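# Structural characterization, general
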Amino acid sequence: MNQQPIIQTADLRKIYGMGDIAVAALDGVSVRIDPGEFVSIMGPSGSGKSTLMNILGCLDRPTEGQYILAGEDVSNLDKEQLAAIRNRKLGFIFQSYNLLSRTTALKNVMLPLLYDQDNHRSNEEREEMARAALASVGLADRVNHQPNELSGGQKQRVAIARALINNPALLLADEPTGNLDSKSSYEIMDLLHDLHDRGNTIVMVTHEPDIAKHTQRVICVRDGQVESDGRDGANNCAQPGAGD
Amino acid sequence: MNFSEILHVAWEGITANKIRSLLTMLGIIIGVAAVIVMIAISAGTEATIAEQINSLGANLIIVTPKRGTPGASRTLLYDDAEAIAEEVHGITGVASEQTTTTLIVKSTDTALEMTATGTTADFPEVRDVPVGDGRFFTQQELDRTAKVAVLGYGIAIDLFGDADSSGADPIGQTVTIGATKFTVVGVMAEKGLVADVDYDGRIYIPITVVFQKFLPSQMAADRVRTIYAQAESQETMESAILQIESLLARRHDVELDSPDFVVQTQQDIISAQEATTAAFRSLLAWVAGVSLIVGGIGIMNIMLVSVTERTREIGIRQSVGATPNDIRWQFLTEALMLSLVGGLIGVVAGVGGSWIFGASGDMRTVIVPTSIVLAFGSAAIVGVFFGYFPANKAAQLDPIDALRHE
Ligand SMILES: Nc1ncnc2c1ncn2[C@@H]1O[C@H](COP(=O)(O)OP(=O)(O)OP(=O)(O)O)[C@@H](O)[C@H]1O
Ligand SMILES: [Mg+2]
């Protein structure tokens, strides 16, 4: 494939702490992910998966190395610029949903539109977009529910709708099914596969080989480095017992 | 985010915790209300003083010698008063005043130690101090240094008892002032204490008698302490003052820009009085200002707590694209809103409180519009000032740290 990659990193390092207690959470990660891929990231606990995801999601900055997101070098952007990138190019799905409490599903989904500096939409427009996004994740009848009135699976659907609303180039999901029972997990995975089929690029961290094996590509991380990178269902991650 | 969205988000932040927001605003409410009430009270006091001073004669021009004028060969003389009466246009009356040294004043059964006030026939009219009983002395009596006296309301009672009950009618009686016997021809109406002068405690005698009998020998015999001139109207005041100044400068042979006399109006005296209350007022302003600052610290405190409590919310907003500026504005607007809503409630409370004070107590209050602007404006400034630090703290949070916050 000769198209421009969505993600291209070169030798990413993330060092926590200083001097003797310094920990290299990432120790030279170079990956390339192309548009339309659905990638799982696996690896033992503490191997640096979340650290990598946070950097890929522009929530955190690498200590060293380069990260080119959809053709734009974002390694050295300032906070304001990173916020704009998160808003326009990225959709993040967290294990713990990270929805605003005491705020309806609709308003949660509208939130990214509020911070969209390029498009000034009317409140009606934003509401309409949020309703459509909620409908696309199967929650048309839950728009006015607050997070505490929703099940875990429903909360994660709201979070996915929120991640989708700005039409991002990349969806990042850090253990999206980590807090869910298996039935809800499969529903969420079905939804993610659906989104993939519709052309979305998805990078997902998971502990469950079961879930990982349905993705095209599995990247295995250990001690802050890419241990293996297998395509087409191949999974050579050292399993089981690596996860928690 | 546009302005209305920022307002909306801030409003939701405030209403999410209504009781706490109200308590936070309390400091501002009290501060703003205090500024308005205190200024209303001091303005009320000043208005009362101003009215009293104005009650001592309308359109009054007051001429006094200038103390400590170097080389002033002459001071204010009785002739000066007569010249003003004759030559100045636009005035309706002139009265001059000179006080005796302290003397013994006796009726048949009472003796008092006091001064007597020598004045002229126009006095009641010019000073707006009307005669209650009998009459004031006349120009003829003045010219022939008649030994007649008019008693202040309180002095009449002191010397002759309360005429309404058992006391004798003072009119026609004799009082001895120093060694001279005077016939009482009138008693002044009750006036009370005005600008620290007890008008009821005075005895008026013809100024010519004072010159003749009661001045220390080293003083020029016809020296007066004050000349009062009454202008026809507010409009003629200025021209009358100019005429008096040039007339006296000419008579005293001094330059107009370095006179040996001072020409004042009631407004000048009111201003001088206000200067004495200004210290009191600035103390009140300080007290009110401090309570506003305390209110501001309350806002800062709560905003800091709120930023900590809502760290996760901040992280969520940042993760979907809120910039540091968006976050800063959100919390700054919240602080500002708290102080403005508090300020608004404070204005209502202050205006209402001033009104209740004025209506119920014996304290007079005048609500000063600028005090409302001042208090409300201060509340806004306090909000921005004390809101900035917490807002900035929120804005500087790292998205990843904020999201991890428990
Ligand atoms: N803020 C931090 N300060 C210091 N060390 C950190 C910090 N965040 C992560 N680490 C360290 O970096 C390493 C990688 O952490 P990370 O959260 O990326 O692991 P993970 O692969 O996501 O693990 P899990 O599967 O348990 O979620 C760990 O050793 C962790 O202790
Ligand atoms: Mg993790």
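As a convention, each chain's residues are numbered from 1 in the sequence order in which they are written. Chains and ligands are labelled by the order in which they are written, letters from A for the one and numbers from 1 for the other. Per-residue local features are limited, in this predicted model, to residues with pLDDT of at least 70; the limit for side-chain atom pairs, both in listing and counting, is 80 or more; totals at the level of whole chains, interfaces and linings are taken over all residues. Hydrogens and waters are ignored; side-chain quantities use all the structure's heavy atoms.

## A closer look at the site of ligand 1
- Neighbouring ligand 1 are 13 residues, the closest being S45, G46, K49, S50 and T51 of chain A.
- Around ligand 1, the neighbouring residues derive from chains A and B rather than from a single chain.
- For the purposes of these results, a polar contact is taken to be a pair of N or O atoms within 3.5 Å, where, inside protein, one atom must be able to donate a hydrogen and its partner to accept one; residues adjacent in sequence count only when each atom of the pair is a side-chain atom. In the model, an oxygen atom of ligand 1 is placed 2.5 Å from a nitrogen or oxygen of the T51 of chain A side chain.
- H207 of chain A places a polar side-chain atom, nitrogen or oxygen, 3.1 Å from an oxygen atom of ligand 1. Note on definitions. A residue lies near a molecule or strand when any single heavy atom of the residue is within 4 Å of it.

## Looking at helix α3 (residues 78–87) of chain B
- Using a 1.4 Å probe on the protein chains alone, a residue whose accessible area is under 20% of its type maximum counts as buried, one over 50% counts as exposed, and one in between counts as partly exposed. Think of it this way: any DSSP run of H or I at least four residues long counts as a helix, any run of E at least two long counts as a strand, and we number them from the N terminus. Taken as a whole, α3 of chain B has its buried residues at Y78, D80, A81, A83 and I84 of chain B.
- In this structure, the buried side of α3 of chain B is in contact with β2 (91–99), α5 (139–143), α7 (207–214), β13 (226–231) and α8 (234–252) of chain B. Two residues form a contact once any of their heavy atoms are found within 4.5 Å.

## What about helix α2 (residues 18–54) of chain B?
- Its 37 residues give α2 of chain B an end-to-end C-alpha distance of 51 Å, which sits within 8% of 54 Å, the value for a rise of 1.5 Å per residue.
- Each residue is assigned a bend, namely the angle between axes fitted to the seven residues that terminate at it and the seven residues that start at it. Along α2 of chain B, the sharpest kink reaches roughly 35°, centred on M25 of chain B. By definition here, a helix of n residues has an expected span of 1.5 Å times n minus one.

## Description of the pairing of β13 of chain B
Residue and element names in this part refer to chain B.
- In terms of burial, β13 is largely enclosed, as 6 of its 6 residues are buried.
- Note on pairing: two strands pair once DSSP finds at least 2 bridges between them. As defined by bridge partners, strand β1 (residues 60–65) adjoins β13 across 4 bridges and the pair is classed as antiparallel. In the strand pairing of β13, I62 is matched with Y228.
- In terms of strand pairing, β2 meets β13 through 6 bridges, oriented antiparallel.

## Describing the interface of chain B and chain A
- In this complex, chain B contributes 28 residues to the contact, which on the side of chain A involves 23 residues.
- Across the chain B/chain A interface, buried area totals approximately 2,200 Å², and carbon plus sulfur atoms make up 54% of it.
- Its largest share of buried area at the contact with chain A, chain B owes to I316, V320 and I400 of chain B, together 25% of the area lost on that side.
- A pair is scored as a salt bridge if a Lys or Arg side-chain nitrogen falls within 4 Å of a carboxyl oxygen belonging to Asp or Glu. Inspection of the region where chain B meets chain A yields 3 salt bridges.
- Here E5 of chain B makes a salt bridge to R126 of chain A, at a shortest N to O gap of 2.5 Å.
- Going through the elements one at a time, α1 (3–15), α10 (311–319), α11 (324–360) and α13 (399–404) of chain B are the ones with two or more residues in the side of chain B that touches chain A.
- For the side of chain B that touches chain A, the element with the most residues is α10 of chain B, which contributes 6 residues.
- Of the residues contributing to the side of chain B that touches chain A, the split by class is 12 nonpolar, 8 polar and 8 charged. Buried area, as used here, totals the accessible surface that two parts lose on assembly, with accessibility defined by a 1.4 Å probe and the loss added over both. Note that Gly is not counted as nonpolar here; it falls among the polar residues with everything else outside the nonpolar set of Ala, Val, Leu, Ile, Met, Phe, Trp, Tyr, Cys and Pro and the charged set of Asp, Glu, Lys and Arg.

## A word on the sheet that holds strand β8 (residues 170–174) of chain A
Residue and element names in this part refer to chain A.
- Strand order in the open sheet made by the 6 strands is β7-β8-β9-β4-β10-β11, with mixed pairing throughout. What marks the edges here is a single partner per strand, and that holds for β7 (90–93) and β11 (225–231). Ignoring which end each strand starts from, the neighbouring axes of this sheet average 15° apart.
- Direction of pairing for strand β4 (residues 38–42) relative to strand β10 (residues 217–222): parallel, over a ladder of 4 bridges. For I41, the partnering residue across the bridge sits in β10 and is I219.
- Of the strands in this sheet, β4, β7, β8, β9 (202–205) and β10 touch helix α1 (residues 49–56), which is tilted by about 155° from β8.
- Between N-to-C directions, angles span 0 to 180 degrees; the directions come from axes that are lines fitted to C-alpha atoms, helices contributing only their stretch in contact. Along the sheet face, helix α5 (residues 152–164) touches β7 and β8 and points at about 170° away from the line of β7.

## A short note on the pattern of salt bridges
Residue and element names in this part refer to chain A.
- Here the structure, examined in full by the defined rule, presents 30 salt bridges over all chains.
- A salt bridge links E227 to R222; its shortest N-O distance comes to 2.8 Å.
- The network of salt bridges with common partners includes D11, R13, D27 and E64.

## Structural notes on the packing of helix α3 (residues 105–114) of chain A against α5 of chain A
Residue and element names in this part refer to chain A.
- Contact geometry for α3 and α5: axes closest at 7 Å, N-to-C directions at 30°. Taken together, the axes of α3 and α5 lie roughly parallel to each other. Here the hand of the crossing between α3 and α5 comes out right-handed. Together, A105, N108, V109 and P112 of α3 and V158, A161 and R162 of α5 make up the contact between the two elements.
- A per-class count over the contact of α3 with α5 returns 5 nonpolar, 1 polar and 1 charged. Between 65 and 115 degrees an angle is taken as roughly perpendicular, under 35 as roughly parallel, over 145 as roughly antiparallel, and anywhere else as oblique. It is the rotation of the near helix from the far one that decides the hand of a crossing: anticlockwise by less than a right angle makes it left-handed, clockwise makes it right-handed.

## Remarks on a negative patch on the surface
- Patch members must show over 30% relative accessible area and no salt bridge, and they are joined within 9 Å when carrying like charges or within 5 Å when they are nonpolar side chains of Val, Leu, Ile, Met, Phe, Trp or Tyr. Under the convention used here, a 1.4 Å probe and the Shrake-Rupley method define accessible areas, while residue burial counts only the protein chains that appear. All tallies of charge rest on Lys and Arg as positive and Asp and Glu as negative; His and the ends of each chain are not included. The atoms used to mark charge sites are NZ of Lys, CZ of Arg, CG of Asp and CD of Glu. A contiguous patch of negative charge on the surface is contributed by D79, E82, E86 and D143 of chain B.
- By secondary structure assignment, the location of D79 of chain B is in helix α3.

## Observations concerning the confidence of the model for chain A
- Scored between 0 and 100, pLDDT is the confidence that the predictor attaches to each residue. Confidence along chain A averages 91 in pLDDT terms, with 94% of residues attaining 70 or more.
- Scored below 50 in pLDDT, residues 240–244 of chain A shows 4 contacts in the model against residues more than four places distant or in partner chains.

## Observations regarding unusual backbone geometry
Residues and elements named next belong to chain B.
- Its identity is not glycine, yet D128 carries a phi of approximately 60°, on the positive side.
- Tracing the backbone shows D128 in the loop between α4 (123–127) and β6 (131–134).
- With a phi angle near 45°, T145 is a residue other than glycine that sits in the positive phi range.
- By the element assignment, T145 lies in the loop between α5 and β7 (148–151).

## Points about the side chain of T323 of chain B
- Within the element layout of this structure, T323 of chain B appears in the loop between α10 and α11.
- Those residues in contact with T323 of chain B that lie beyond four places of it in its chain are E80, A83 and Q117 of chain A.

## Digging into the nonpolar core
- Each nonpolar core is a collection of buried residues, namely Ala, Val, Leu, Ile, Met, Phe, Trp, Tyr and Cys, held together in the definition by side-chain atoms within 4.5 Å. Counting 71 residues, the largest nonpolar core has I7, Y67, L69, L170 and V203 of chain A as its most contacted members.
- Beyond its immediate chain neighbours, meaning those up to four positions away, Y67 of chain A contacts I7, Q8, T9, L12, I55, L56, C58, E72, D73, V74, S75 and L170 of chain A.
- Core analysis: the next-biggest nonpolar cluster, separate from the first, contains 64 residues, V94, V184, A229 and A231 of chain B among them.

## Details of the side chain of Q154 of chain A
- As for its placement among the helices and strands, Q154 of chain A is situated in helix α5.
- In this view, Q154 of chain A contacts L139 and R142 of chain A; residues no more than four positions away in its chain are not counted.

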